[in-house]
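# Structural features, examined
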Amino acid sequence: MSSGDVDELQRRLVAFVRAFGLHKGDETPCGVPIPVSEAHALTALADVGAGGLSQTDVGRTLGLTKSTVSRLVDQLVDRGWAARQAGLADGRVRAVVLTDEGAKVAAQVSAARADRLGVLLERIPAGERPAVLAALETLVEAAGDA
């Protein structure tokens, strides 16, 4: 692999991050005015439903450290979007669950994300969409191994 390839990958990834708005920490790329980390946590909690996730599982799902997850969950609880309760499978384990308000915000984030990605997908020629999706999967796999 040449340094030119690395430079080109860096240039293109940075351009995408900026074009898509991933560099804005105080709002999601789809325009919801909450931090991206909170939006991802809300989505993860909404995906699992009423049983919630342990903080360990939140960290594993989002790829975050224990201390970062603790702060993130504290923020969600302070906003009234999540609560800690005894886990369904093991009462000794505290589960993080969405409140009704948190579920509403998670649904707003999900709808805004679907709208934004729908517009993005429409701008990609139909014949190129499978290659774009395959390239994204390859990037995810490579980043996961890194």
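Higher on the page you've got the structure.
As a starting point, this report considers the structure included with it. (Residues numbered from 1 in each chain as written. Predicted model: local features only at pLDDT ≥ 70, side-chain atom pairs only at ≥ 80, totals over all residues. Heavy atoms only, no water.)

## Focus: the pattern of salt bridges
- Going through the model one piece at a time under the given rule, you end up with 5 salt bridges.
- In this structure, Asp74 and Arg84 form a salt bridge, with 2.6 Å as the shortest nitrogen-oxygen distance. Here the residue Asp74 occupies a position in helix α4 (residues 66-79), and Arg84 occupies one in strand β2 (residues 82-86), the gap between them amounting to 10 residues.
- Its relative accessible area of 33% is what places Asp74 among the partly exposed residues.
- Look at Arg84 and you get partly exposed, because its relative accessible area is 31%.
- A single network of salt bridges, built from pairs that share partners, joins Glu8, Arg11 and Arg12. (Salt bridge = Lys/Arg side-chain N within 4 Å of Asp/Glu carboxyl O. Helix = DSSP H or I, 4+ residues; strand = E, 2+ residues; numbered from the N terminus. Buried < 20%, exposed > 50% of the residue type's maximum accessible area, 1.4 Å probe, protein only.)

## Structural notes on the environment of Leu42
- Looking at where Leu42 falls in the secondary structure, it is placed in helix α2 (residues 36-48).
- On the accessibility criterion, Leu42 (0% relative accessible area) is buried.
- Apart from the residues lying within four places of it in its own chain, the contact partners of Leu42 are Ile34, Leu76, Trp81, Leu98, Gly102, Val105 and Ala106. (Contact = heavy atoms within 4.5 Å.)

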